[in-house]
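Tertiary structure, described
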Amino acid sequence: MDTPKRVLVACGTGIATSTVVAKAIEESLKERGLNVMISQCKISEVRSLAGNADLIITTTPAPKDLGVPVIQTIAFLTGIGKEEVIEEIVKALES
Amino acid sequence: MKAAIDREKQLPTGLPLAGGINAAIPHTEIEHVIKPALGMATLKKPVAFQNMISPEEMVPVRLVFLLALEKPKAQVEMLQEIASVLLNSVLVEELLNENTYEGIIKLLKQA
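Residues numbered from 1 in each chain as written. Chains lettered and ligands numbered in written order. Predicted model: local features only at pLDDT ≥ 70, side-chain atom pairs only at ≥ 80, totals over all residues.

**Description of the overall build of chain B**
Rules: Here a helix means four or more residues in a row that DSSP labels H or I, a strand means two or more in a row labelled E, and each is numbered from the N terminus. The quantity called the radius of gyration is restricted to C-alpha atoms. Its globule counterpart is 2.2 Å times the number of residues to the power 0.38. Counting other C-beta atoms within 10 Å of its own, a residue is labelled buried from 20 upward, exposed at 12 or fewer, and partly exposed in the gap between, with every C-beta atom placed from the backbone. Contact between two residues is assigned when their C-beta atoms, built from the backbone, lie within 7 Å.
Secondary structure summary: chain B contains four helices and four strands in total. Along chain B, helices (α) and strands (β) appear in the sequence α-β-β-β-β-α-α-α when read from the amino end. Compactness check: chain B gives a C-alpha radius of gyration of 14 Å against a globular reference of 13 Å for 111 residues, within 12% of the reference. By residue count, 30% of the 111 residues in chain B fall in the buried class. Taking all contacts inside chain B whose residues are at least 6 apart in sequence as the whole, residues at least 24 apart take part in 61%.

Spelled out as structure tokens, the structure:
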């Protein structure tokens, strides 16, 4: 089995919104047969944890130049553009 | 309450929704919660909230869920349920058209 891609999901507190998003992403990516390992953090911890991630997904504005692809999205809360974001995530993980 | 307002300034919670009626989900860290509760307000006149993802953008909001929960797990579960309400634009509209407490509870139970 491939090494799982590491996805870091960040929100303001690292508890609520990021959990909702992490669950939604996990489900969508599993459906596509992608092997991912998802962890969560506070947006304030993102910079220090970025080195351990292949992709960062945030629900708040994220700091720049993290050295890892960053996707900012609230699509999993609002439903707007959800499919597009999933495509974007898949692309980012495959590249 | 002050903590939720302060947090809203730093990390706003305005969410533009698919149906055109927008929502906000103000909340704060659990240590500020004295008694767990969930508040819902429907607004005749929209109130401008900053967009969660792009705070420079204002979102006219007519549906507000205020979360004050003591346990992180409860907060997550509640947010999950609120998200499923927000994704349903028919239900969002029904909530705004409902004027009674009983009616709101009935609608939310169906969700």
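What follows picks up the thread again.
**A short note on the interface of chain B and chain A**
Selection criterion: Polarity classes work like this: nonpolar for Ala, Val, Leu, Ile, Met, Phe, Trp, Tyr, Cys and Pro, charged for Asp, Glu, Lys and Arg, and polar for all others, with Gly in that last group.
In this complex, chain B contributes 19 residues to the contact, which on the side of chain A involves 17 residues. At seven residues, the largest contribution of residues to the side of chain B that touches chain A is made by helix 2 (residues 72–86) of chain B. Considering only residue class, the side of chain B that touches chain A consists of 14 nonpolar, four polar and one charged.

**Some points on unusual backbone geometry**
Despite not being glycine, D65(A) has its phi angle at roughly 55°, a positive value. Along the chain, D65(A) turns up in the loop between strand 3 (55–58) and strand 4 (70–72).

**Digging into the sheet that holds strand 2 (residues 22–24) of chain B**
Residue and element names in this part refer to chain B. Rules: Strand pairing is assigned whenever DSSP identifies at least 2 bridges connecting the two strands. Working convention: axes come from line fits to C-alpha atoms, limited for helices to the stretch in contact. Angles between N-to-C directions cover 0 to 180 degrees.
Spatial ordering of the open sheet is given by 1-2-4-3, a layout of four strands whose pairing is mixed. Both edges of this open sheet fall to strand 1 (14–15) and strand 3 (37–50), since each of them pairs with a single strand only. The sheet contact formed by strand 2 and strand 4 (residues 58–68) spans three bridges and is parallel. Residue pairing in the sheet places N22 in a bridge with V61 of strand 4. Each of strand 3 and strand 4 is contacted by helix 3 (residues 89–97), which is oriented at about 80° to strand 4, the strand it contacts most.

**Concerning the confidence of the model for chain B**
All names here are of chain B. Quick note on the threshold: Residue-level confidence of the predictor is what pLDDT reports, using numbers from 0 through 100.
Looking at chain B as a whole, its pLDDT mean stands at 91, while 100% of the residues score no less than 70. When pLDDT is averaged over each element of chain B, strand 2 comes out on top at 97 and helix 1 (residues 2–10) at the bottom at 83. On the interface metric, ipTM, the complex scores 0.80, and its pTM is 0.87.

**Notes on the sheet that holds strand 2 (residues 36–42) of chain A**
All names here are of chain A. As summarised here, the arrangement of the four strands in space is 2-1-3-4, forming an open sheet in which the pairing is parallel. A single partner strand is all that each edge strand has here, and the edge strands are strand 2 and strand 4. With direction set aside, neighbouring strand axes in the sheet form an average angle of 20°. As paired elements, strand 1 (residues 5–11) and strand 2 share seven bridges and run parallel to each other. Each bridged residue has a counterpart across the sheet, and for A10 the counterpart in strand 2 is C41. Relative to strand 4, helix 4 (residues 82–94) is tilted by about 175°, and along the sheet it contacts strand 1, strand 3 and strand 4.

**Some remarks on the pairing of strand 3 of chain A**
Residue and element names in this part refer to chain A. Residues of strand 3 alternate between two faces, with L55 and I57 on one and I56 and T58 on the opposite face, all of them buried. Both strand 1 and strand 3 contribute to a ladder of four bridges, which runs parallel. Bridged to V7 within strand 3 is L55.

**A short note on the environment of D6(B)**
Along the chain, D6(B) turns up in helix 1. Through-space distance from the C-alpha of D6(B) to that of T28(B) is 8.7 Å; in sequence the pair is 22 residues apart.

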